[in-house]
Amino acid sequence: MIPKKNLPKKNKPWIFKAKIDDFELLNDTLLECVEGLPSEGYSGVTKVDHRHNKNGKPIYFDLLFNAVCPHLKQLAIANRLKEPKRSDIEISMWFQQYQNNSFFNWHTHNQTYAMVYFCELPYGGQVTTEMVDVWQKELFAVDAEVGDMIVFPAFIPHRSPPNTTHERKTVFSANINFKNAMVDVELIDTGVDLFCKV
């Protein structure tokens with residue numbers, strides 16, 4: 001069954017979006033990594049490893065971090081920060097899989113940024129991530145496809161809506177902070193608008 005399009009598909013200026021290079025190969029490897037992991041259901045999610053990763057990095061950590069790190073540096077620059085060293089990017093990550101009727105309800109994160117990497121999306125991206133635009137008082141669905149990563153302020157309410165299809169959705173999520181963040185005064189003075197990369 002193809003899901004109904006309930007919310008408009010949009011991107012907002014405060015959502016940083018980028019396409020990962022060679023995402024097909026990356027996705028195949030990521031899915032192999034999580035295939036054999038224990039099945040841990042959590043709050044409506046079919047499979048997640050969030051609780052297993054509190055005391056250590058998941059097996060796919062370096063693979064995914066290497067792929068997203070250049071874009072996270074761009075995000076920092078877009079926010080008028082000096083380009084961070086790799087060691088200054090604090091990131092914790094986990095994966096979530098959603099089969100038919102599974103979901104994750106509205107929530108926020110207690111970090112600076114939240115990230116979602118879309119590894120598998122049913123029906124060409126009809127079941128992505130839904131958000132609340134707290135400034136415009138608007139609900140919307142992120143316009144994204146497989147291979148896209150989005151990063152947004154972690155206080156933004158968001159959810160994975162019910163997967164009403166019979167295709168699996170797989171995302172990799174992360175909390176992100178920049179240590180030793182230094183404001184780049186010269187970049188602020190230029191007034192260049194770099195934030196939303198679509």
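This report concerns the structure included in the present document. What you see is a predicted model, and the numbers here were worked out from it, not measured in a lab. (Residues numbered from 1 in each chain as written. Predicted model: local features only at pLDDT ≥ 70, side-chain atom pairs only at ≥ 80, totals over all residues. Heavy atoms only, no water.)

1. Quick notes on the sheet that holds strand β4 (residues 89-98)
Working step 1: Ordered by their spatial adjacency, 6 strands build an open sheet running β2-β9-β6-β11-β4-β3, and the pairing between neighbours is antiparallel. Looking at which strands have only one partner, the edges of the open sheet turn out to be β2 (16-19) and β3 (47-48).
Working step 2: Seen against the sheet, helix α1 (residues 23-35) touches β2, β3, β4, β6 (113-120) and β11 (169-178) and runs at an angle of roughly 95 degrees to β6.
Working step 3: Sheet contacts for helix α2 (residues 61-78): β2, β4, β6, β9 (148-153) and β11; angle to β4, the most-contacted strand, approximately 120 degrees. (Pairing = 2+ DSSP bridges. Helix = DSSP H or I, 4+ residues; strand = E, 2+ residues; numbered from the N terminus. Contact = heavy atoms within 4.5 Å. Axes fitted to C-alpha atoms, helices over the stretch in contact; angles between N-to-C directions.)

2. Notes on α1
Working step 1: The end-to-end C-alpha distance of α1, which contains 13 residues, comes to 18 Å, matching closely the 18 Å that a straight helix rising 1.5 Å per residue would cover.
Working step 2: Taken together, the buried residues of α1 touch β2, β3, α2, β4, β6 and β11. (Expected span 1.5 Å × (residues − 1).)

3. What to know about the pattern of salt bridges
Working step 1: Tallying each qualifying case throughout the model produces 8 salt bridges.
Working step 2: Taking the shortest distance from any N to any O, the salt bridge between Glu138 and Lys10 comes out at 2.3 Å. In this pair, Glu138 sits in strand β8 (residues 138-142) while Lys10 sits in strand β1 (residues 9-10), placing the two residues 128 residues apart along the sequence.
Working step 3: Lys10 sits in the partly exposed class, given a relative accessible area of 28%.
Working step 4: For Arg168, the salt bridge goes to Glu120, with nearest N and O atoms at 2.8 Å. (Salt bridge = Lys/Arg side-chain N within 4 Å of Asp/Glu carboxyl O. Buried < 20%, exposed > 50% of the residue type's maximum accessible area, 1.4 Å probe, protein only.)

4. Some points on a negative patch on the surface
Working step 1: Side chains of Asp21, Asp22, Glu24, Asp28 and Glu32 sit close together on the surface and give a patch of like negative charge.
Working step 2: Looking at the secondary structure, you find Glu32 in helix α1.
Working step 3: Judged by relative accessible area, Glu32 falls into the exposed class, the value being 62%. (Patch = residues over 30% accessible without salt bridge, like charges linked within 9 Å, V, L, I, M, F, W, Y side chains within 5 Å. Areas by Shrake-Rupley, 256 points an atom, 1.4 Å probe, with all protein chains shown as cover. Lys, Arg positive; Asp, Glu negative; His and termini not counted. Charge placed at Lys NZ, Arg CZ, Asp CG, Glu CD.)

5. Focus: unusual backbone geometry
Peptide bonds are mostly trans, and most non-glycine residues show a negative phi.
Working step 1: With a phi angle near 75 degrees, Asn101 is a residue other than glycine that sits in the positive phi range.
Working step 2: Unusually for a residue other than glycine, Lys137 sits at a positive phi of about 55 degrees.
Working step 3: In this structure, Lys137 sits in the loop between β7 (130-133) and β8.

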